[in-house]
Amino acid sequence: LETGQFALAIADCDRALELLPPESVWEISATLEICGCAKVALGEDDDAIADFTRAIKQSDGYVWLYRERATVYLRRNDFTKAIADFDSAIKLTPDDVTLYDQRGRALLGSGQPERAISDFTKSIDEFPNDPSVYEDRATAYEQNGRTKLAAADRKTGNHRNHGLGRPSNLPLEFQYI
């Protein structure tokens, strides 16, 4: 996938899926994940969701599958499904604060600013130099009618914007949706 040859990656995955024995649960899930990511890169969101869903059914404990499918749902503004997948991912890895940030964005989009504020606050507690989370929480405060807190977060975010932000080794699409 790193070379950008997504169609070739999909063809390779399809062939691998034909060859893998049904009991190779982990390998099938990993192959479907790769295929789904390639389809996302090509803009084939429906097919990518189908691959992630099939992989989740194969191996219902792999947090990245929920995160990747949730990210597609979030990009499509299907907030209910995104929230459900982020909830599943958080149950599997409750210490992964980046999931709270992403779920907060889905909650914000779905008109649940109070829950979003809670998630953004968890993310800020872990990554206090990330200006984007302050901006997101400010938007949630505004939706909730708390304009003074929104202004304070915008000011803090602007000050943080001059720093390095959140250190992360996540792919860009998972850092800032």
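Residues numbered from 1 in each chain as written. Predicted model: local features only at pLDDT ≥ 70, side-chain atom pairs only at ≥ 80, totals over all residues. Heavy atoms only, no water.

**Q** Would you take a moment to explain the packing of aromatic side chains for this structure?
**A** Given two aromatic rings, their pairing is described by the distance between the two centres and the angle made by the two planes. Applying the stated criterion to the full structure yields zero aromatic pairs. The positively charged end of R67 is found above the aromatic ring belonging to W64, 4.6 Å away from the centroid. (Phe/Tyr/Trp six-rings, centres within 6.5 Å; stacked < 30°, edge-to-face > 60°. Lys NZ or Arg CZ within 6 Å of the ring centre and 35° of its normal.)

**Q** Looking at this structure, how should I read the environment of D119?
**A** Along the chain, D119 turns up in helix α7 (residues 113-126). Residue classification places D119 among the buried residues on the basis of a relative accessible area of 2%. Taking the C-alpha atoms as reference, D119 lies 8.7 Å from L99; in sequence the two are 20 residues apart. (Helix = DSSP H or I, 4+ residues; strand = E, 2+ residues; numbered from the N terminus. Buried < 20%, exposed > 50% of the residue type's maximum accessible area, 1.4 Å probe, protein only.)

**Q** What is the right way to look at the packing of helix α3 (residues 45-58) against helix α4 (residues 63-75) in this model?
**A** Two measures define how a pair of helices packs: the angle their axes make with one another and the distance between the axes. Between α3 and α4, the shortest axis-to-axis distance is 9 Å and the interhelical angle comes to 155 degrees. Judged by the angle between their axes, α3 and α4 are roughly antiparallel. The handedness of the crossing between α3 and α4 comes out as left-handed. Of the residues in α4, those in contact with D45, I49, F52, T53, A55 and I56 of α3 are L65, Y66, E68, R69, V72, Y73 and R75. Looking at the contact of α3 with α4 residue by residue, the class counts come to eight nonpolar, one polar and four charged. (Axes fitted to C-alpha atoms, helices over the stretch in contact; angles between N-to-C directions. Parallel < 35°, antiparallel > 145°, perpendicular 65-115°, else oblique. Left-handed = near helix turned anticlockwise from the far one by under 90°. Contact = heavy atoms within 4.5 Å. Nonpolar A, V, L, I, M, F, W, Y, C, P; charged D, E, K, R; others polar.)

**Q** What is the right way to read the confidence of the model for the protein chain from this model?
**A** For the protein chain, per-residue confidence averages 87 on the pLDDT scale, and 88% of positions sit at 70 or higher. Across the protein chain, the element-wise mean pLDDT spans from 45 in helix α10 (residues 172-175) up to 97 in helix α5 (residues 79-92). The model gives residues 164-177 a pLDDT under 50, and that stretch makes 31 contacts with residues more than four places away or in other chains. (pLDDT = per-residue confidence, 0-100.)

**Q** What's the story with the nonpolar core in this structure? I'm lost.
**A** Nonpolar side chains in soluble globular proteins tend to be buried together. Of all hydrophobic cores here, the largest spans 36 residues; its most connected members are F86 and A106. Broken down by element, this core gets its largest block of residues, seven residues, from α4. Not counting chain neighbours up to four residues away, the residues in contact with F86 comprise R67, A70, T71, L74, L99, Q102, R103 and A106. Core analysis: the second largest hydrophobic core is formed by five residues, A9, I10, C13 and A38 among them. (Core = buried A, V, L, I, M, F, W, Y, C linked by side-chain atoms within 4.5 Å.)

**Q** What am I meant to see in unusual backbone geometry here?
**A** What you tend to see is this: most non-glycine residues have negative phi, and most peptide bonds are trans. You will see that N77, though not glycine, has its phi angle at about 60 degrees, which is positive. Tracing the backbone shows N77 in the loop between α4 and α5.

**Q** Could you clarify how one ought to interpret empty space enclosed by the protein in this entry?
**A** Gaps left between atoms show up when a probe the size of a water molecule is rolled over them. All told, the structure shown has one cavity of 30 Å³ or more when counted by the stated rule. In this structure, the largest cavity spans a volume of roughly 30 Å³. Along its surface, the largest cavity is lined by W26, S29, A30, S59 and Y62. Partitioned by chemical class, the residues of the lining of the largest cavity number three nonpolar, two polar and no charged. (1 Å grid on protein atoms, 1.4 Å probe; cavity = no way out; pocket = protein on both sides within 12 Å on 5 of 7 lines; lining within 4 Å. Points joined across faces, edges and corners; volume = space filled by probe spheres on them.)

**Q** Before we go on, may I ask you to explain helix α1 (residues 6-19) in this structure?
**A** Over its 14 residues, α1 runs 20 Å from end to end, which matches the ideal 20 Å to within 8%, given 1.5 Å per residue. Taken as a whole, α1 has its buried residues at A9, I10, C13 and L17. The buried residues of α1 occupy one face: seen down the axis, they fall within an arc of 100 degrees. Opposite the buried face of α1, by more than 90 degrees, sit the exposed residues A7, E18 and L19. As for α1, its buried residues are in contact with α2 (25-41) and α3. (Expected span 1.5 Å × (residues − 1). Arc of directions from axis to C-beta.)

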